[in-house]
Amino acid sequence: MRNKILSIIVAVSCIAANAQEKCIINGHISDSQLADGKEVKKVYLTHTDEFGRATTVATAKVRKGGYTFKYKLADNAPVLQYAITGFGDGKGISLFVEPGEVVVSTPVALQPELSTVAGTPTNDTYAEYIAIACEGQREAARQIAALEERHGKSWLESAEGKQEVKRIKAKEAIKTEAEEIRFLIDHNASPMTPMVIEQCQFPKLSEAYGEQMTKTIAVSLQEHPYYHSLRNTMLASTLKAGTEAPDITLPLLDGVTKHLADYRGKHVILNFWNDATQAAEMMAELQNVYALTREQRDGFVILSISLGSDIAAWQEAVKDLGIDREGWLHACDGAGANSPAAKRYGIEATPRIILIEPEGHAVSLDMEIDELALRIEQILSGDLYYLDEVK
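Summarised in this report is the structure supplied together with it.

What counts and what doesn't
- Residues numbered from 1 in each chain as written.
- Predicted model: local features only at pLDDT ≥ 70, side-chain atom pairs only at ≥ 80, totals over all residues.
- Heavy atoms only, no water.
- Pairing = 2+ DSSP bridges.
- Helix = DSSP H or I, 4+ residues; strand = E, 2+ residues; numbered from the N terminus.
- Axes fitted to C-alpha atoms, helices over the stretch in contact; angles between N-to-C directions.
- 1 Å grid on protein atoms, 1.4 Å probe; cavity = no way out; pocket = protein on both sides within 12 Å on 5 of 7 lines; lining within 4 Å.
- Points joined across faces, edges and corners; volume = space filled by probe spheres on them.
- Contact = heavy atoms within 4.5 Å.
- Core = buried A, V, L, I, M, F, W, Y, C linked by side-chain atoms within 4.5 Å.
- Buried < 20%, exposed > 50% of the residue type's maximum accessible area, 1.4 Å probe, protein only.
- Patch = residues over 30% accessible without salt bridge, like charges linked within 9 Å, V, L, I, M, F, W, Y side chains within 5 Å.
- Areas by Shrake-Rupley, 256 points an atom, 1.4 Å probe, with all protein chains shown as cover.
- Salt bridge = Lys/Arg side-chain N within 4 Å of Asp/Glu carboxyl O.
- Lys, Arg positive; Asp, Glu negative; His and termini not counted.
- Charge placed at Lys NZ, Arg CZ, Asp CG, Glu CD.
- Phe/Tyr/Trp six-rings, centres within 6.5 Å; stacked < 30°, edge-to-face > 60°.
- Polar contact = N/O pair within 3.5 Å; in protein donor to acceptor, adjacent residues only side chain to side chain.

**Notes on the sheet that holds strand S5 (residues 80-85)**
Moving on, step 1. Strand order in this open sheet of four strands is S3-S2-S5-S6, and the pairing throughout is antiparallel. The open sheet is flanked by strand S3 (54-61) and strand S6 (92-97), the only strands paired with a single partner. When strand polarity is set aside, the average angle formed by the axes of neighbouring strands in this sheet is 30°.
Moving on, step 2. Judged from the six bridges that link them, S5 and S6 form a sheet pairing that is antiparallel. Bridge pairing links Thr85 to Gly92 in S6.

What follows is the structure, encoded as structure tokens:
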């Protein structure tokens, strides 16, 4: 009997564990007709990476307005935002994919942005956050309607009335922002919080306030991709000689993806370039710098980041120039001027050379080749001239 009970417990535990490995999304579209008169027949679960590349990870058929995704999650997969697409015109429904059941209700296929998403912790928390702004707008509308009832529509259109409407909208906007920030601080362990701070709040905050908001994120989230992204945005906003350099993703020539942080402990020479216009002359000059760094092979690495948009052309250029060498690595994400790495470092023109010291602080954000060579010789001689400048 005891063995049977144990077997049942184990079986139930296994079923529960398997259920937790899936995100089940049950959706319903009340009116599934699109602008061209056709019905929505399929929807797609899509994820967009940091380079803006969208990947469809699952497909579901729409039957009588209903659809279901059963998306199996990888072990220890972080909670990330995905989108349900298939509504045309680039429209979609944003939702967080995490263990459990998510319910998506779409009144009209023509306006998928009006959908409600509920059922799992992060989606429910995000819905609460969005509701704060909606309530702020409703409250402003109520107050304006009360003014119209009291004074009449013509008064609202007068100079005095317009001024009062502006005052109400400004007051409610400030109250809404304050409530949103308090909500984010109170929910600092939710995966949606660093994402929302970066996308919605950070552009409105001062550098100092943005740094403080970043520090409010719970320790439990500090390995999450959204926290890393937020922190790097904060570091980029305050970047100058002596401050910590933001991390960036490096899709390397050999197909391996690394991060700038992987090279802590070395002096890093970041070299942004455009293979279409600057390859031969600049790389010839960098060869002399590379030769200097070989005197202390474990102490230096050159990371050349192409801002070209043609991956094949970049690969060919590196091969033709003969610059794929030990200690001289090459990266390109194919995003061109929209490369996240370029944005992090404020690269508006190339070539650009940045020197980063072994603990990850920027030494110089724009160096000429001759100056770089002199500084490397200085470092090789034991003169770490930058130590008084780094924070």
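From this point, the discussion proceeds with the structure in view.
**Re empty space enclosed by the protein**
Moving on, step 1. Under the defined criterion, the tally for this structure stands at one cavity of 30 Å³ or more.
Moving on, step 2. Roughly 40 Å³ of volume is contained in the largest cavity.
Moving on, step 3. At the level of secondary structure, the elements contributing two or more residues to the lining of the largest cavity comprise strand S9 (249-251) and strand S13 (328-332).
Moving on, step 4. With three residues, S9 is the largest single contributor of residues to the lining of the largest cavity.

**Brief notes about the environment of Lys61**
Moving on, step 1. Relative to the elements of secondary structure, Lys61 occurs in strand S3.
Moving on, step 2. Separated by 17 residues in the primary sequence, Lys61 and Tyr44 place their C-alpha atoms 8.9 Å from one another.
Moving on, step 3. Excluding residues within four positions of it along the chain, Lys61 makes contact with Lys41, Lys42, Gly66 and Tyr67.

**Observations concerning the nonpolar core**
Moving on, step 1. Formed by 46 residues in total, the largest nonpolar core has its most connected members in Leu45, Tyr67 and Ile84.
Moving on, step 2. Broken down by element, the residue count for this core peaks at five residues, all from helix H7 (residues 225-237).
Moving on, step 3. Setting aside its immediate chain neighbours within four residues, Leu45 contacts Ile25, Thr55, Thr56, Val57, Ala58, Phe69, Tyr71, Tyr82, Ala83, Ile84, Leu95 and Val97.
Moving on, step 4. Counting residues in hydrophobic clusters, the runner-up holds 26 residues, among them Leu286, Phe300, Ile353 and Leu372.

**As for the environment of Met283**
Moving on, step 1. Here Met283 is to be found in helix H8 (residues 279-293).
Moving on, step 2. Its relative accessible area of 1% is what places Met283 among the buried residues.
Moving on, step 3. For the pair formed by Met283 and Glu368, sequence separation is 85 residues and the distance between their alpha carbons is 13 Å.
Moving on, step 4. Apart from residues lying up to four places away in sequence, Met283 is in contact with Asn271, Trp273, Ser304, Leu321, Ile323 and Trp328.

**Quick look at the sheet that holds S13**
Moving on, step 1. The strand order S13-S12-S11-S14-S15 describes an open sheet built from five strands, whose pairing is mixed. Edge positions in the open sheet fall to S13 and strand S15 (362-364), since each of these has one partner strand only. Direction aside, the axes of adjacent strands within the sheet are offset by 25° on average.
Moving on, step 2. For strand S11 (residues 267-273) and strand S12 (residues 300-306), the ladder comprises seven bridges, and the chain directions are parallel. Paired with His267 across the two strands is Phe300, which belongs to S12.
Moving on, step 3. The sheet strands contacting H8 are S11, S12 and S13, and the helix crosses S11 at an angle near 175°.

**Describing a negative patch on the surface**
Moving on, step 1. A surface patch of negative charge is lined by Glu281, Glu285, Asp366, Glu368, Asp370 and Glu371.
Moving on, step 2. Counting through the fold element by element, Asp366 comes out in the loop between S15 and helix H11 (369-380).

**Remarks on the pattern of salt bridges**
Moving on, step 1. As enumerated under the stated definition, the model contains eleven salt bridges in all.
Moving on, step 2. A salt bridge links Glu172 to Lys171; the nearest nitrogen and oxygen atoms lie 3.6 Å apart.
Moving on, step 3. Residue Lys171 is classed as partly exposed on the basis of its relative accessible area, which comes to 30%.
Moving on, step 4. Salt bridges linked by common partners bring Glu135, Arg138, Glu139 and Arg142 together as one network.

**As for the packing of aromatic side chains**
What characterises a pair of aromatic rings is the spacing of the ring centres plus the angle enclosed by the ring planes.
Moving on, step 1. Counting across every chain of the model gives seven aromatic pairs.
Moving on, step 2. Plain terms: the ring middles of Tyr67 and Phe69 are 5.9 Å apart, the flat faces sit at 70° to each other, and that makes the pair edge-to-face. Note on accessibility: Tyr67 and Phe69 belong to one class, buried.

**Overview of the environment of Arg264**
Moving on, step 1. Mapped onto the fold, Arg264 is located in the loop between strand S10 (257-259) and S11.
Moving on, step 2. Arg264 sits in the partly exposed class, given a relative accessible area of 43%.
Moving on, step 3. Residues contacting Arg264, with those up to four places away along its chain left out, are Glu244, Pro358, Glu359 and Gly360.
Moving on, step 4. Among the polar contacts listed, one links the side chain of Arg264 to the backbone oxygen of Glu359, at a separation of 3.4 Å.

Don't take any of this as a statement about function, it's just geometry.
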